[in-house]
Amino acid sequence: MGLNRRKFIQQASAVSGLLLMGGLPAIGRPLADKVRVGIVGGRFGATFQFHEHPDCIVEAVSDLRKDRRDHLMKTYRCEKSYPSLEQLLTDRSIDAVFLATPAPDHARHTIASLKAGKHVLCAVPLAMSLEECEAVKEAVKESGKIFMMAETTTFMQGTITARKFYEEGRFGEIFSAAAEYNHPGLEALWFENGKPTWRHGLPPMHYPTHCTAFLISVTGERLSRVSCLGWGEGEGLLKDNPYQNPFWNQTAFFHTNQGHPFRVEVNWKGALRNAERGEWRGEKMSLYLPSGHAGTGTLITEEEAEGKDDAGFVHTKNKVTSFEFPRWWETEMLPEPLRHNSGHDGSHPFITHEFIQSIRENRAPEVDIYEALAYTLPGIVAHQSALNGGELLPIPNFDD
């Protein structure tokens, strides 16, 4: 998947040139009727805007727990609910499903939904193993249905900006990049009512997509090799986790198919600031996101002015400035009812819109099965590398 997949069209703007995503309707192209969606999962699933999209109807909701079903019904102003995904999938009035279910169930739920004839938007990550990745890919191809992964990083305001800068050539060559996802204290969600949840001991690199998307969604590169190290020895709450994972934190050093280094950290424990951030370092310009979703970024541009470092040595001094990211959710990238902020740095309305429009236009979404594989697979291999003491391992490429 190269740059020809990028669905951005230049539009004039006083800020810095707005981009319209390919999720916007093609002029004169016939579109389908409103998409009827079923939403499954009453936590993350309740944080999106399907009921506000002008081309969508929330037909039904589902969760195993009644209190969460009721919450979904209230959120989406929907009067129909099912106590299980299996029952929801029998509803022929539903065109598509949003699977906001536990991560270990994503592959199985996606395959079942595709076989039931539904388009699928699935929360991250795509799968837990290489075998599951292969099975989901085949199911998508056989179904002829739209599949999209709901990766928030791809549609963060900072990532949209970086993608725009890259398309304009402002970075020059991005010769290295880095990303981190710090979620200290996550173990608070490992148990509920004294029983372990699916999050108990989840290997950090099995949840890599909030990092890998920072590079892949901007440049289209693929991660080809990895060496990864983990910290932890299975102590404390890690004991007896179902993944047999000994690591609290993991750091991976990836090689891309364009010969670039990419460092990724996913950390569950430590004296860390919560962070979901990326860095792109280019020959002409570099961009650093702030540690949190709020705040200003840092923009560095190559200059010819002469400066001195703190030891008095003369060098070419680059220009370092604070950078306020455009609020793309306020622009024509979204239908007017969706032009508001949301969780994960304003990304949720973009995910909602891109999924619905890809169905109506019968086209691949921005995060299609191949992008989802490219975001997910490297982390699975990285965890194996960490278990092998940092062994450099090849990463399969599932692109056709």
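A few points on the structure. (Residues numbered from 1 in each chain as written. Predicted model: local features only at pLDDT ≥ 70, side-chain atom pairs only at ≥ 80, totals over all residues. Heavy atoms only, no water.)

The subject of this paragraph is the side chain of Ser-217. Tracing the chain through its elements places Ser-217 in helix 6 (residues 209–219). A polar side-chain atom of Ser-217 sits 2.6 Å from the main-chain carbonyl oxygen of Ala-213. (Helix = DSSP H or I, 4+ residues; strand = E, 2+ residues; numbered from the N terminus. Polar contact = N/O pair within 3.5 Å; in protein donor to acceptor, adjacent residues only side chain to side chain.)

A few words now on the pattern of salt bridges. Overall, the coordinates contain 23 salt bridges when judged by the stated rule. Here Asp-400 and Lys-141 are joined by a salt bridge, their closest N and O atoms 3.4 Å apart. Note that Asp-400 is positioned in the segment after strand 21 (393–394) and Lys-141 in helix 4 (residues 130–143), a separation of 259 residues in sequence. For Asp-400, a relative accessible area of 64% translates into the label exposed. One salt bridge in this structure joins Arg-327 and Glu-330, with 3.1 Å as the shortest N-O distance. Ionic contacts of the salt-bridge type, sharing partners, join the residues Arg-43, Arg-65, Asp-67, Arg-68 and Glu-192 into one network. (Salt bridge = Lys/Arg side-chain N within 4 Å of Asp/Glu carboxyl O. Buried < 20%, exposed > 50% of the residue type's maximum accessible area, 1.4 Å probe, protein only.)

Glancing now at the packing of helix 5 (residues 157–167) against helix 6. At a minimum axis distance of 9 Å, the contact between helix 5 and helix 6 shows a crossing angle of 35 degrees. Here helix 5 runs over helix 6; the crossing is right-handed. Residue-level contacts link Thr-159, Ala-162, Arg-163 and Tyr-166 of helix 5 to Phe-214, Ser-217, Val-218 and Thr-219 of helix 6. Partitioned by chemical class, the residues of the contact of helix 5 with helix 6 number 4 nonpolar, 3 polar and 1 charged. (Axes fitted to C-alpha atoms, helices over the stretch in contact; angles between N-to-C directions. Left-handed = near helix turned anticlockwise from the far one by under 90°. Contact = heavy atoms within 4.5 Å. Nonpolar A, V, L, I, M, F, W, Y, C, P; charged D, E, K, R; others polar.)

Where a protein is soluble and globular, its nonpolar side chains tend to be buried together. Counting 110 residues, the largest nonpolar core has Phe-50 and Leu-126 as its most contacted members. The element that contributes the greatest number of residues to this core is helix 9 (residues 369–387), accounting for 11 residues. Setting aside chain neighbours within four positions, we find Leu-126 in contact with His-106, Ala-107, Cys-133, Val-136, Phe-147, Met-149, Ile-369, Ala-372, Leu-373 and Thr-376. (Core = buried A, V, L, I, M, F, W, Y, C linked by side-chain atoms within 4.5 Å.)

Mapped onto the secondary structure, Glu-324 falls in the loop between strand 20 (319–323) and helix 7 (343–346). In sequence terms Glu-324 and Leu-299 are 25 residues apart; their C-alpha atoms lie 9.6 Å from each other.

Before going further, it helps to spend a moment on unusual backbone geometry. Cis peptide bonds are those with omega within 30 degrees of zero, and the linkage from Val-124 to Pro-125 qualifies with -5 degrees. Mapped onto the fold, Pro-125 is located in the loop between strand 7 (119–122) and helix 4. Even without being a glycine, Gln-244 presents a positive backbone phi close to 55 degrees. By the secondary structure assignment, Gln-244 is in the loop between strand 12 (223–231) and strand 13 (249–256). For His-344, which is not glycine, the phi torsion reads 55 degrees and is therefore positive. Mapped onto the fold, His-344 is located in helix 7. A residue is classified by how much of its surface remains accessible, and His-344, at 26% relative accessible area, is partly exposed.

Along any regular strand the residues' side chains alternate between the sheet's two faces. As paired elements, strand 12 and strand 13 share 8 bridges and run antiparallel to each other. Its bridge partner lying in strand 13, Trp-231 is registered against Asn-249. Looking at chain direction, strand 12 and strand 21 are connected through 2 bridges and run antiparallel. From the neighbouring strand, Arg-225 faces strand 21, where its bridge partner is Pro-394. (Pairing = 2+ DSSP bridges.)

With that settled, consider the sheet that holds strand 7. The 6 strands are arranged 5-4-3-6-7-8 in an open sheet whose pairing can be described as parallel. Because the sheet does not close on itself, it has two edges, and the strands there are strand 5 (81–82) and strand 8 (147–149). The sheet contact formed by strand 6 (residues 96–99) and strand 7 spans 4 bridges and is parallel. For Ala-96, the partnering residue across the bridge sits in strand 7 and is His-119.

On to the packing of helix 4 against helix 9, then. The geometry of helix 4 relative to helix 9 is characterised by a closest axis approach of 10 Å and an angle of 175 degrees between their N-to-C directions. By the angle class used here, helix 4 and helix 9 are roughly antiparallel. Contacts from Leu-130, Cys-133, Val-136, Lys-137, Val-140 and Lys-141 of helix 4 reach helix 9 at Ile-369, Tyr-370, Leu-373, Leu-377, Ile-380 and Val-381. Here the residues of the contact of helix 4 with helix 9 are counted per class, giving 10 nonpolar, no polar and 2 charged. (Parallel < 35°, antiparallel > 145°, perpendicular 65-115°, else oblique.)

Overall, the coordinates contain 13 aromatic pairs when judged by the stated rule. An angle of 85 degrees between the planes, with centres 5.1 Å apart, marks the rings of Phe-44 and Phe-48 as edge-to-face. Take Phe-44: its relative accessible area is 25%, and that puts it in the partly exposed class. Classification of Phe-48 as buried rests on a relative accessible area of 2%. Taken together, a centroid distance of 4.9 Å and an interplanar angle of 65 degrees make the contact between Phe-48 and Phe-98 edge-to-face. Placement of the pair is Phe-48 in the loop between strand 3 (35–40) and strand 4 (56–62) and Phe-98 in strand 6, with a sequence separation of 50 residues. Three or more aromatic residues joined by ring pairs make a cluster, and in this case those are Phe-44, Phe-48, Phe-50 and Phe-98. Directly above the ring of Trp-248 sits Lys-269, whose terminal nitrogen or CZ lies 4.3 Å from the centroid. (Phe/Tyr/Trp six-rings, centres within 6.5 Å; stacked < 30°, edge-to-face > 60°. Lys NZ or Arg CZ within 6 Å of the ring centre and 35° of its normal.)

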